[in-house]
Amino acid sequence: MNAKRKKIDYSKWGYIFILPFFLSFFIFSFIPMIDTVRYSFFEYYRSGLKEIGPNFVGMANYVKLLKSDMIKYGVNTLILWVIGFIPQIVIALMLAEWFVDARLKIHGTQFFKVVIYLPNLIMASAFAMLFFTMFSTNGPINAILMSLGWTKEPIDFLGSVWGTRSLVGFMNFLMWFGNTTIMLMAAIMGISPDIFEASELDGCNSFQRFFSITLPLIRPILAYTLITSVIGGLQMFDVPQILTNAQGTPNRTSMTLIMFLNSHLKSKNYGMAGALSVYLFIVSGILCFFVYRMTNNQDLDGSKAAAKKAKKEKRG
Amino acid sequence: MKKRVVSILLTAAMAAGCLAGCGGSRGSGGNGGEGKVINIYCWNNEFKERVEAVYPEVAETSKDGTITKLKDGTEIHWIVNPNQDGVYQQKLDEALLNQADVSADGKVDIFLSETDYVNKYTDIDANVAMPLTDLGIDPATDLADQYEFTKVTASDVNGVQRGSTWQCCPGLLVYRRDIARDVFGTDDPQAVGEKVKDWETMEATARELAAKGYYTFASYADTFRLYGNSITEPWVKQGDIVVRVDQKIMDWVNDSKEWLDAGYLDKTVKGQWNADWNQAMGSSSKVFAFLFPAWGIDFTLKPNWDGENGAWAVTNPPQEYNWGGSYIHACTGTDNPEHVKDIILALTANKENLLKISSDFSDFTNTQSSMRQAAEDDANFASEFLGGQNAFAYFSPVAENIVMAPLSAYDQGCVELIQNSFSDYLQGQVDYDRAKSNFETAIMERYPEIKQVQWPD
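Counting of residues starts from 1 at the beginning of each chain's written sequence and follows it residue by residue. Chains and ligands are labelled by the order in which they are written, letters from A for the one and numbers from 1 for the other. Local features in this predicted model are restricted to residues of pLDDT 70 or higher, and side-chain atom pairs are both shown and tallied only at a pLDDT of 80 or more, whereas totals for entire chains, interfaces and linings draw on every residue.

Asker: How would you sum up the overall build of chain B? Please name residues and give values.
Answerer: When its secondary structure is counted, chain B shows 21 helices and 11 strands. In this description the radius of gyration comes from C-alpha coordinates, and the expected globular size is given by 2.2 Å times residues to the power 0.38. Relative to the 2.2 N^0.38 estimate, which gives 23 Å for 457 residues, the radius of gyration of chain B is 23 Å and therefore close to what a compact globule would have. Here the C-beta atoms are placed from the backbone, and a residue counts as buried if at least 20 other C-beta atoms lie within 10 Å of its own, exposed if 12 or fewer do, and partly exposed otherwise. For chain B, the proportion of its 457 residues judged to be buried stands at 47%. Placing C-beta atoms from the backbone, we regard two residues as in contact once those atoms come within 7 Å. A fraction of 73% describes how many contacts in chain B between residues 6 or more apart in sequence connect residues 24 or more apart. Numbering of helices and strands runs from the N terminus, with a helix taken as a DSSP run of H or I at least four residues long and a strand as a DSSP run of E at least two residues long.

Asker: Please give an account of the packing of helix α12 (residues 247-262) of chain B against helix α20 (residues 411-426) of chain B that cites residues and values.
Answerer: All names here are of chain B. Axis definition: a line fit to C-alpha positions, over the contact stretch in the case of helices; interaxial angles, taken between N-to-C directions, run 0 to 180 degrees. Remark: α12 packs on α20, axes separated minimally by 11 Å, with the N-to-C direction vectors making an angle of 30°. As α12 runs across α20, the sense of the crossing is right-handed. Along the contact surface, α12 presents Ile249, Val253, Ser256, Lys257 and Leu260, while α20 presents Ile418, Phe422 and Leu426. Think of it as three bins: nonpolar holds Ala, Val, Leu, Ile, Met, Phe, Trp, Tyr, Cys and Pro, charged holds Asp, Glu, Lys and Arg, and polar takes everything else, Gly as well. For the contact of α12 with α20, the class distribution of residues is six nonpolar, one polar and one charged. Note on convention: near helix rotated counterclockwise from far helix by under a right angle means a left-handed crossing. Clockwise means right-handed.

Asker: Residue-level account of the interface of chain B and chain A, with values.
Answerer: Taken residue by residue, the interface counts 31 residues in chain B and 32 residues in chain A. Contributions of two or more residues to the side of chain B that touches chain A are made by α1 (3-22), α3 (87-97), α13 (275-279), α20 and α21 (432-446) of chain B. Counting residues per element, the side of chain B that touches chain A draws most heavily on α21(B), which supplies five residues. Residue composition of the side of chain B that touches chain A, by class: 11 nonpolar, nine polar and 11 charged.

Asker: Go over the sheet that holds strand β5 (residues 108-114) of chain B, please, and point to the residues and values.
Answerer: All names here are of chain B. DSSP bridges decide pairing: two strands pair if at least two such bridges lie between them. Here we have six strands laid out as an open sheet, ordered β2-β3-β4-β1-β5-β10, and mixed in their pairing. Each edge of the open sheet carries a strand with a single partner, namely β2 (58-61) and β10 (326-330). Taken over all neighbouring pairs, the strand axes of this sheet differ in orientation by 25° on average, direction set aside. Taken together, the three bridges between strand β3 (residues 67-70) and strand β4 (residues 75-80) define a ladder with antiparallel strand orientation. Note on β4: the bridge partner recorded for Thr68 is Ile76. Its contacts with the sheet place helix α2 (residues 46-54) against β1 (37-42), β2, β3, β4, β5 and β10, and it is angled at close to 135° to β2. Strand contacts of helix α15 (residues 337-348): β1, β5 and β10, with the helix running at about 155° to β10, the strand carrying the most contacts.

Asker: Quick one: what's the story with the pairing of strand β6 (residues 171-176) of chain B, residue by residue and with numbers?
Answerer: Residue and element names in this part refer to chain B. Across the six residues that make up β6, a large majority, six, are buried. Covered by surrounding structure in β6 are Gly171, Leu173 and Tyr175 together with Leu172, Val174 and Arg176, the residues of both alternating faces. The pairing of β6 with strand β8 (residues 289-293) spans five bridges and is antiparallel. Each residue of the ladder has a partner; that of Leu173, found in β8, is Leu291. One ladder, built from four bridges, connects β6 with strand β9 (residues 312-315); its direction is antiparallel. In the strand pairing of β9, Val174 is matched with Val314.

Asker: Residues and numbers for the domain arrangement of chain B, please.
Answerer: All names here are of chain B. When its domains are assigned, chain B resolves into domain 1 (31-167 + 324-373) and domain 2 (171-322 + 401-454). The split of the chain into domains comes from an automatic or database domain assignment. Here the C-alpha centre of domain 2 lies 30 Å away from the C-alpha centre of domain 1. Listed by partner, the interface residues are 14 residues for domain 1 and 15 residues for domain 2. Of all elements in the fold, only α4 (118-122) and α7 (148-153) reach the threshold of two or more residues within the side of domain 1 that touches domain 2. For the side of domain 1 that touches domain 2, the element with the most residues is α7, which contributes three residues. Among the residues forming the side of domain 1 that touches domain 2, the class breakdown is five nonpolar, five polar and four charged.

Asker: Help me get a handle on the nonpolar core, residues and values and all.
Answerer: One nonpolar core equals one set of buried Ala, Val, Leu, Ile, Met, Phe, Trp, Tyr and Cys residues connected by C-beta atoms within 7 Å. If you look at the biggest cluster of nonpolar residues, it comprises 79 residues, and the most contacted ones within it are Leu172(B), Val174(B), Tyr175(B) and Phe395(B). Of the residues forming this core, the biggest block, six residues, is contributed by α20(B). A domain-level breakdown of this core finds at least three residues from each of domain 1 (31-167 + 324-373) and domain 2 (171-322 + 401-454) of chain B. Dropping the residues within four chain positions of it, Phe395(B) is found in contact with Pro170(B), Leu172(B), Ala294(B) and Phe364(B). Counting residues in each nonpolar core, the second largest holds 51 residues, with Ala124(A), Phe157(A), Leu167(A) and Ile242(A) among its members.

And the structure:
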């Protein structure tokens, strides 16, 4: 009895301290989310000043979306994301490897870390505005190209499908490669220096070291980066929205899923927007599940799995 | 990837929540039945400047420009939201839907609308803009001097006028004098006017200009208003769910394609209101002319021109047209009907006030008699920017000949989206049919109740 009383329980303070978050999450995120799902089964929009609905229509919104160009916009989103992500991960890996390599003795790594992170601090919309002006047909980039004699006619960057897509990808790359670099640096620094030293004694060259030691050992973080980037990419809208004036020009080839969602919200079409959100929610949910599996996976070097396998074989 | 966006959104949501909590709650006091606060919804400072300039009851405006005090102690609260991307209409619609539930001083008393969407607010079923007669304004006598087409524009289906404007926006052709001298050997507005008097002559002139390496207009969007103003049927008939694309609109597409291919338009300028378009108004550009109403010359051309004054001149356009115009509406449920009536009369019916607006702000104002007067009064109405030319002499006859195209509540979306869809076609990105189907997709996204698009045969 006495011993029990001595054990003071502080855990309630923990709950009290996290209560504000859960309260505000519940009110500002959870309830609206449930509402979104509810409205997705209704016909509910505004025509001029008149509100139409909400009338229950069952799965009609979902079916209509499947018949629309939604899949095409999903593919657009994916393409835009890939164009940005591939250079992002390659450059970030390279920089991270260089920055943590003690033998390279790069001076001012702190300075460069700040510099590569800087583009991320600019608002995406401001960044897109900047590119829109720079790459316009009579803009400075074309003026430079023409005065260098590289091109006779101004290049219509924003008028061509691949021009627009590459610009969007390029911007996303610029904005996020610093972030990824820093994350990967942390991962590489987490590898025990013993392994690197041992490999050096064994005569490993830097390529072998990178591909056979660094890369396998940071695989969990790499996967995490990949998945979070996919989820972020799924929600991409700010850059293409500003760059193409919300039209996804040319020919709606740079229209992303969220831009599609926004164009429904312009008419306050809560029903359709809700249904689209639910689709996005399911896809993000699946992706999140993978992240969760990965970050909770304690078996980093694969030894546990190997042990399990060995045990199984023994039994069999 | 988008953590930051999320956090910005959260912050914004919190800030918005705070602001919503702080606003509102102001005690209302009796003032002979009139409320203490007049809430005016608008999208820029244009209206405020004009009220300050001519409304005699104005005492002073606060430093931040959000509150104007009248001599009797009533306050005008200016609620300004930008027009771009439909923000203004969203905020206004929100306020109008809550109109019945807010306290007297929170009610919208006056709101403004543009020609592109005036129809949405004068709608008889929506009934958000009060008929002027309910305020005690008789359009037949009080507004007799206004241009007829502005009165028609602000009326509902039954012809009941539900708004009034100080401004009337007849458009002209503004051209570069140096290019005119180079190509035609003269820069006289009358002689140039002959060269652009209708579309056929215009095309011959365009050929002449192209031969010397000049573009007639900057972009295909420049001519859209002229075609769009002469449609015979509204985009969407009252209560209908079909968008009817007029033959005139398709004419615009076809003519623009021809002109682009012939090199009469600058291929690198894609639409209006972008950096390329602004640059085309600079001294290094090869563009001969723009089609602008009075506000366009003042707010758009002038700031973009980097040369001397007097380089531009105006003349008659190939076709009479109207572009823009801000309508003042008394909002249903206002608690300040007397003040509202007073303001509307002072700003849209008082000839002296309107003449002052014309000379102070170079607006083409909405009184026929005084505009005729201004057209002859070179001493007071000559424009410095136009090198001493009196533009009113050209505006006035255009204004009198404008026939307003039939309006619908869907005009803004239709005009915006058809230009966007066919931009791709004009730039050679998609074929004709693809542009059509892109328009259909876009219009049904914007207006879910639209079920069909009918194209001319």
